[in-house]
Each structure stands twice: as structure tokens, then as C-alpha cells.
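Observations on the three-dimensional arrangement
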Amino acid sequence: MSANAIPSGNTLVVARRRKRSLANSKWPVLILFLPPALLLFTVLVILPMGEAAWYSFYNWNGYGSPTQWVGWRNYQLIFRNSAFTQALINNGLIVLASLCVQVPLALWLATMISSRIRGALFFRLIFFLPYVLADVAAGMIWRFVYDGDFGLVAGISHFIGVEPPFWLADRDLAMYAILGVIVWKYFGFHMMLFIAGLQAIDKSVLEAADIDGATGFQKFRLVTLPLLGSTVRLSVFFAVVGSLQLFDMIMPLTGGGPSNSTQTMVTFLYNFGVTRMQVGFGSAVGVVLFVICVTLAFSYKRVFMRND
Amino acid sequence: MTDISTAQPIDAASAPTSGQRIRAGTQVYMYISLIIVAAIVVVPLISTALGGFKTLGELRGNPFGLPTEWQWSNYTDIIISKRYWLQMSNSLIIALLTVFLTLTFGAMAAFCFAHIRFFGTDYLVNYFLIGLMFPAATAILPLYIRIRDLGLIDTYWGVVLPQVAFGMGMSIMLFRNYFRNLPSELFDAAFVDGCGYMRFFWHITLPLSRPIIATVGIISFVSSWNSYIVPLIMLNSESRYPWPLGIMIYRGEFSTEWQLVLAFITLTILPTIIAFFLAQKHIIAGLTAGAVKS
């Protein structure tokens, strides 16, 4: 009699014991699985960032230990430096170019490619190709393109019979030339975002618009575009983040010149902090960049991407 | 009702003709636009490759067209040179080590975050997510000093470890989301059968995670293969330079001979282009989906 009742009790006990043994067995896993990532991340990401904040108050060449405390002087020097102001403006220009050129272009191409015309896959492949190339290689290729002696620009100029311009050597034009390379390199990525966004739109909404007699453009403006809001915000977010990191592409094109007209935040950090081994000053630039990145990431997510 | 039913035939009758006409018209316009954009993308690449076959003199007069006499030696000299293969293998070694560690460490940590509740889980996850918010460049000077103090300057590890560390946020984020969405019945069944966490990780989680392993692997491989700033700071010897640094050095050495620089660029981006065309579906999906999710 009691033997009949035991099994259920037994399984309960067994289950409970297993649960307890599971709870106990979690520690070996945690001790084995977490430390590699945690240690590496702490030592090479978080600590250096904290150290940057510390070093930024010193005048230090990186050897020995920092002793020459200078207070906020490095930060004052940054904001008084005209090259830094130019870098800020250029980073803003990159975001502006993304908003005014890259997003419309990517959206326009995405709508064409999504309309299932023949060869859509081929075009998608070609447009995405620059994105997988290294920034350094893209920069070098475009340095050749813009070259006024041997490049494609020279070829075109001779063809139409004008004196070839040296875009990358002209401080008023160089940044616009670089904006062109940025759009060339990244529009394919943004186009893929929009293609994914378009696929997520419920087809029945568009059919409903069809039945109501909407024209193609009306459908696009009144149905598709509002529904793509989150993709537009995501696309701009990537452009903002990308602009704050831009370095690899600038180096082969201009290195930040001529006369600092094409500096970005990171090339400024490199040219004024790293190459001169001004650890204090460079760290202060890093801290400013960090504050900008984190503030933008948080505020952008909170303000624009709240509902996404 | 009757209004609609009488209206419909008229629509149906007029729609196809006008619709077709517009569609044919827009199609032509679409193709022209797409071809123009494709040309803007491809012409610089093709001119670069063709430019490598020209002489400097011909490049000056004819940067677009086919070379009149193909200068194969521009390419063959590079292909038989030691530096080209050295740079390619440096890049490959650094990228493979980076991918391996990013996958292993990321998957292991993400497994803990996905399945085990312990004190401070959420804080720890957010801690790793800080890494997604700023680029390695922000802390590059203290990072350089740390790597120098560890004695890793001018070694592969001095490049690999920072790359892995800065990839941890992305890796953990993607793995964790994926692990959490695996059916929880699997987990319950395995534990009733007395399977521990370790065996569950090896025998159930990992075999089911091929897609996400591919995604994380592709992202970290591409970013390591193309990376420039970390190796630039951490490496001194040209014999350890990966190819993006190699391009810059080569250009510095042969700055008066664009045709050689073009041949060198072409050969260095060739592996990327071949890999892209072979595995385009995975690469496009990996790079876009990965970016969006993290």
C-alpha cells in the first residue's frame, strides 16, 4: 500500500535532489566559463578607459609613471585647438551627409531592389561589395581615383578638356571628396538595412492602399516611409557611430590634412596624441570621445529609438 | 456594393494597360539608375585592377581603358615576393586567433548569462554592453601602455587580445540572445536526465548554434582582417604587419609608381573579393543581421 504511494514521493525527492545538484553544479561552470571573458574585457577595455581618465590630468610621455599633474589643462588645450574644432565639424558633416545623401540613396535603391526586378540579387551583391573591403584599401583606391596626375579624375578632366583638380590637396574640397568615399563605401550596408525594413512591412497594408487607389508615390510617401521610421533611425544611428570611429579610411586619403581640414575625432587623437606620444593629451581626447559616444548612444536610444 | 462591383470591371480593364505601360517605363528607368550606381561602385575597382597592368606613362594618359601592353610583371613581381605572402599570413594568423577566442570566450560567458541565474547577472551583462558603446580608439594610449607592460608589443597577441576584448560585447550579446531562444524543453529534458551544465553546453547548445557561430565568426573575422588602428599601434616590425599596414608601407616606398601600388592593392583585396563572391549570402546576412542585433 505504502509502496504505491512512495514512487510519486520518490520522484519528487529525486527531482528536488536533481534541482539541488543542478544549483550546486552551476558554480563550476561559472568559475570556468566567466573569467576568460571577464578578465580580458576588464583588463583591456574597462581599465584602459579608466586609466585614460586618470592620465588625462597629467603631462606624460608614457615612460616611467605619470608625475606632472596639470589639472584640466589638457582639456583646455583640446577645446582651444582649431584642429579639434575642425574634427568636430567634420564629424558633424559626415552625419549630415548620411542624413541627406546616404539614407535617401539607400532607401531609393532598396525600394528598387525589393520590387523584384530581374538581376536584383546581382545589384545587391555589387552594392554591398565596398562594405566588405577594408577601409584602408578603399581609401587607397580613392586616392588613386582623385589623383590629378594619374587618377580617374585626371582622365575625366582631360576628356572634357579642363585642368584636373587636386581634390585631396585642396583644403576646401578635401573633406567633400572624403564624404564621397564614405557614401561609396557604406551605402550598401544601409541599403541592406532598408531592404530588411521593407521586407518587414505587412503586404496587406500596401494592398489596402492599392484598393483605395493610391499611386505608387503616394503609397511610398504615406504608407512605406512612415513604417520605415525605425529603420531610418537605425541607419542614422550607425552613421553617427561610424563617423565617431572614422580613422582607417582617412589615413591613406589625406591623413587629416591638408592643414587639418580633414581631421576626425580619431585622426586628431592619433596625430596629436599617439604620434607625438603625448599620453596625457591623447587620453584627454579619448575621454572626450568616450563621453560623446556614450552620451549619444544613450540619448539617441532614449529619444529616437524609444519605441523600436 | 453594386457601385463597387460595377466600378471594378472598369478598373480591371484600365489597370493592366496603364499599369503595364508604367511598369515598362519604370523598369527602364530603374535599370538605368541601378546600372549607373553599379558603375560608380565598380569602375574604381576595375580601374585599380587594370591600372596594375599598365606602365606609369600609360596610367597618366589612359587611366580608364584597357592597357595597350599588359605589364604582367607588375603583378608577378609582387606574387613571388616574400612580403606579400608574409603580410597575408600575418593577417590570417591574427584573424584566426581573434575569431577563435572571440567565439570561445563569448559563447562560454553568454551561456552563463543565458541559463544560470546568479547574483548580479544583469549588472554583469550590462557591464559587457558598455564595450559596444565606444571604439577601441578612445582608450588606445592606455591600451598601448598596458600591452607594453605585459610585454606583448610587436607580437600577434598584442593585436589579438585587444581585438578579442573589444569584440566581447558583440559576441556575448549575439550568443546570449540566441541561446535564450533555444527551446527551453531541451533544457528541462536534459536536466531531468541528469545532464549537467557542461555536458549540456557541449552536446546540446553548441551543435544547435551553428548559425550564430557563423555570424559571430564572420563579423570578427572581417573586422580583424580589415583592422588597421590596433596593429598600427601595437606592431613595430614590418615582418609582423598585416596587409592593411602593408599597403600603407608599400605606398610609402613606391609613392612615385602608382601602377605598382595599384597592383599591390588589387592583390591584397583579392582574397576578400573571392571570399565575398563565394559566401556572399552568409557574409551579407552575418554582417547586417549582426550589426542590427547588437
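Residues numbered from 1 in each chain as written. Chains lettered and ligands numbered in written order. Predicted model: local features only at pLDDT ≥ 70, side-chain atom pairs only at ≥ 80, totals over all residues.

**Re the environment of Leu152(A)**
By secondary structure assignment, the location of Leu152(A) is in helix H6 (residues 152–160). With 12 residues separating them in the primary sequence, Leu152(A) and Pro164(A) have C-alpha atoms 9.9 Å apart. Setting aside residues up to four positions removed in sequence, Leu152(A) forms contacts with Val145(A), Pro44(B), Ser47(B), Pro63(B) and Phe64(B). (Helix = DSSP H or I, 4+ residues; strand = E, 2+ residues; numbered from the N terminus. Contact = placed C-beta atoms within 7 Å.)

**Topic: the nonpolar core**
Core analysis: the largest hydrophobic core is formed by 161 residues, its most contacted members being Ala137(A), Leu269(A) and Ile140(B). Per element, the largest residue contribution to this core is 15 residues, and it comes from helix H7 (residues 174–199) of chain A. In this structure, Ala137(A) is in contact with Ile247(B), Ile265(B), Thr268(B) and Ile269(B), ignoring residues within four places of it in sequence. (Core = buried A, V, L, I, M, F, W, Y, C linked by C-beta atoms within 7 Å. Buried ≥ 20, exposed ≤ 12 C-beta atoms within 10 Å, placed from the backbone.)

**Notes on the confidence of the model for chain A**
Per-chain confidence: chain A averages 87 in pLDDT, with 91% of residues scoring 70 or above. Here residues 1–7 of chain A is a poorly scored stretch, pLDDT under 50, and it has zero contacts once near neighbours within four places are set aside; other chains count. (pLDDT = per-residue confidence, 0-100.)

**Quick word on the interface of chain A and chain B**
Across the contact, 73 residues belong to chain A and 74 residues belong to chain B. Here the element with the most residues in the side of chain A that touches chain B is helix H1 (residues 2–55) of chain A; it accounts for 19 residues. In the side of chain A that touches chain B, the residues fall into 58 nonpolar, nine polar and six charged. (Nonpolar A, V, L, I, M, F, W, Y, C, P; charged D, E, K, R; others polar.)

**Examining the UniProt feature "domain: ABC transmembrane type-1" (unreviewed entry) in chain B**
Following the UniProt record, one finds the feature "domain: ABC transmembrane type-1" (unreviewed entry) at residues 88–279 of chain B. The span residues 88–279 of chain B is 77% helical and 0% strand by assignment, and the distance between its end C-alpha atoms comes to 20 Å. (UniProt positions renumbered as here; feature names shortened; annotations may be inferred.)

**Things to note about the domain arrangement of chain B**
Residue and element names in this part refer to chain B. For chain B, the assigned domains are domain 1 (2–73) and domain 2 (75–293). Once you take the C-alpha centre of each, domain 1 and domain 2 turn out to be 36 Å apart. With three residues, the single largest contributor to the side of domain 1 that touches domain 2 is helix H1 (residues 2–51). (Domains from an automatic or database assignment.)

**Considering the UniProt feature "transmembrane region" (unreviewed entry) in chain B**
Residue and element names in this part refer to chain B. In the UniProt entry, the feature "transmembrane region" (unreviewed entry) is given for residues 28–53, 92–116, 123–144, 156–175 and 258–279. Between the end C-alpha atoms of residues 123–144 there is a gap of 28 Å, over a span that is 55% helix and 0% strand. Between the C-alpha atoms that bound residues 156–175 the distance is 26 Å, and the span itself is 100% helix and 0% strand.

**Focus: the packing of helix H12 (residues 243–253) of chain B against helix H13 (residues 258–278) of chain B**
Residues and elements named next belong to chain B. Contact pair H12 / H13: the axes reach a minimum separation of 10 Å and the direction vectors enclose 175°. In terms of orientation, H12 and H13 fall into the roughly antiparallel class. Contacts between H12 and H13 involve Trp243, Gly246, Ile247, Tyr250 and Arg251 on the former and, on the latter, Val261, Phe264, Ile265 and Thr268. Here the residues of the contact of H12 with H13 sort into six nonpolar, two polar and one charged. (Axes fitted to C-alpha atoms, helices over the stretch in contact; angles between N-to-C directions. Parallel < 35°, antiparallel > 145°, perpendicular 65-115°, else oblique.)

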